Amino acid sequence: MNKYSIVSVVNKEYEKFAIVFLKSAIEKINLENILEICILNTGLSDKVVEELSLLSDKIRIIKHTENINSDSSWDDGWQKNVLLKTEFVKNYIKENKLPTFMVDIDSMFLNDIFEINNFDVDVVLCDRSDLWGGMPFIASFVGFLNVDKSLQFLNEWITEMKNISGFETKETPALNIMARKVEHYKIGRLSHKVIGLYHENSLNEETRIVHFKGGGDSQKKTKDEAVMIRFSRFKTLQSKIKEYLSV
């Protein structure tokens, strides 16, 4: 069975998310099955980077050439980080040539995700069609399993993001355009209830990843207030989140 990697991007404002993301991954994922968890750092302090790197030798944090701050959801800084994420994963797959899961940093692992690596598809998408039929896939999780086809997929996805208009966010709308290209790619789908849950009332024993998605009541708050509001939506996870943040 192939090993895989997990990649994400984080800036200073998402520091608390990074702590929960990495500590939950180290606790819940079978690290023998992964090459590494590789994070592109666009603004964390050296102190935080050092502390996070010491959690496990499976964690690698790469410093970007510039700090990219974000003051609110979907602002220019946020959009820059999103665009960086797809470029980063493309370059990562090109260099390492192994299955790679791109997971938003505002996520928390509840269980192992290794079995996703066994899908006989090119790309695995997070399916939320039961919540939003008009835009059924969300880019909080994308599994790139076939290296060559995934690189082609990423090149096209990046182009779609650059060209798309009429949306505040570009990543997810462009991904939904890509999802329709079934004649070019074998696309698998897994429910958001498994790999990207963002409504606590749907939490179940199959849930592997929860996503502290932005928007709604976290809009127009300070960044720190917004982060804590997003954490607070999962009442049953509060003690574990506090545990991760307290050490």
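Keep in mind that this is a model prediction, so the values were computed, not measured. (Residues numbered from 1 in each chain as written. Predicted model: local features only at pLDDT ≥ 70, side-chain atom pairs only at ≥ 80, totals over all residues. Heavy atoms only, no water.)

A.B. asks: Would you explain the overall build of the protein chain in this entry?
C.D. replies: Across its full length, the protein chain holds 8 helices and 9 strands. When burial is assessed residue by residue, the protein chain has 57% of its 247 residues classed as buried. Summing over all exposed atoms, the protein chain offers an accessible surface of approximately 11,300 Å²; the carbon and sulfur share of this is 49%. (Helix = DSSP H or I, 4+ residues; strand = E, 2+ residues; numbered from the N terminus. Buried < 20%, exposed > 50% of the residue type's maximum accessible area, 1.4 Å probe, protein only. Areas by Shrake-Rupley, 256 points an atom, 1.4 Å probe, with all protein chains shown as cover.)

A.B. asks: I tried to follow the packing of helix H1 (residues 15-28) against helix H8 (residues 238-246) on my own but got confused; where do I start?
C.D. replies: Packed helices, taken two at a time, are described by their axes: the angle between them and the distance between them. In contact at an axis separation of 9 Å, H1 and H8 are set at 105 degrees when each is read in the N-to-C sense. Classified by the interaxial angle, the pair formed by H1 and H8 is roughly perpendicular. The residues of H8 that touch H1, namely those facing Lys16, Ile19, Val20, Lys23, Ser24, Glu27 and Lys28, are Lys240, Ile241, Tyr244 and Leu245. Grouping the amino acids of the contact of H1 with H8 by side-chain chemistry returns 5 nonpolar, 1 polar and 5 charged. (Axes fitted to C-alpha atoms, helices over the stretch in contact; angles between N-to-C directions. Parallel < 35°, antiparallel > 145°, perpendicular 65-115°, else oblique. Contact = heavy atoms within 4.5 Å. Nonpolar A, V, L, I, M, F, W, Y, C, P; charged D, E, K, R; others polar.)

A.B. asks: Honestly, the packing of aromatic side chains in this entry has me stumped. Any pointers?
C.D. replies: Here the distance between the centres and the angle between the planes together describe a pair of aromatic rings. Per the counting criterion, the structure on display carries 12 aromatic pairs. Ring centres 5.5 Å apart and planes at 45 degrees place the aromatic pair Phe101 and Phe141 in the tilted group. In this pair, Phe101 is assigned in strand E4 (residues 100-103) and Phe141 in strand E7 (residues 137-144), connecting sequence segments 40 residues apart. Across this residue pair, the class does not change: Phe101 and Phe141 are buried. Considering the side-chain rings of Phe212 and Phe234, the 5.6 Å spacing of their centres and the 90 degrees angle between planes classify their relative orientation as edge-to-face. (Phe/Tyr/Trp six-rings, centres within 6.5 Å; stacked < 30°, edge-to-face > 60°.)

A.B. asks: Would you explain the sheet that holds strand E2 (residues 34-41) in this entry?
C.D. replies: Two modes of strand pairing occur in sheets, parallel and antiparallel, and in both the strands are linked by backbone hydrogen bonds. On the basis of which strands lie adjacent, the open sheet formed by 7 strands has the order E3-E2-E1-E4-E7-E6-E8 and mixed pairing. With one partner strand each, in any of the chains shown, strand E3 (59-63) and strand E8 (187-191) form the two edges of the open sheet. When strand polarity is set aside, the average angle formed by the axes of neighbouring strands in this sheet is 25 degrees. Where strand E1 (residues 4-10) meets E4, 3 bridges bridge the pair, whose relative direction is parallel. Within E4, the position partnered with Ser5 by the bridge is Thr100. (Pairing = 2+ DSSP bridges.)

A.B. asks: Would you explain the nonpolar core in this entry?
C.D. replies: Grouped burial of nonpolar side chains is what soluble globular proteins tend to show. Ranked by internal contacts, the top residues of the largest apolar core, which has 49 residues, are Ile6, Phe21, Phe109, Phe141 and Phe212. A total of 7 residues in this core trace back to one element, the largest contributor, which is H1. When residues no more than four places from it in sequence are discounted, the contact partners of Phe212 are Phe17, Val20, Asp106, Ser107, Met108, Arg230, Phe231, Phe234 and Ile241. Leu40, Phe153, Leu175 and Ala179 belong to the second-largest nonpolar core, a separate cluster that totals 29 residues. (Core = buried A, V, L, I, M, F, W, Y, C linked by side-chain atoms within 4.5 Å.)

A.B. asks: Which parts of the structure should I look at to understand the packing of helix H4 (residues 147-163) against helix H5 (residues 171-179)?
C.D. replies: Packing of H4 against H5 leaves a shortest axis separation of 9 Å and a crossing angle of 130 degrees. Taken as axis vectors, H4 and H5 run oblique relative to one another. Crossing angle aside, the handedness with which H4 passes H5 is right-handed. For the pair H4 and H5, contact is made by Phe153, Glu156, Trp157, Glu160 and Met161 and by Glu171, Ala174, Leu175, Ile177 and Met178, respectively. Here the contact of H4 with H5 is built from residues that sort into 7 nonpolar, no polar and 3 charged. (Left-handed = near helix turned anticlockwise from the far one by under 90°.)

Geometric descriptors of this kind do not, in isolation, establish any biological role.
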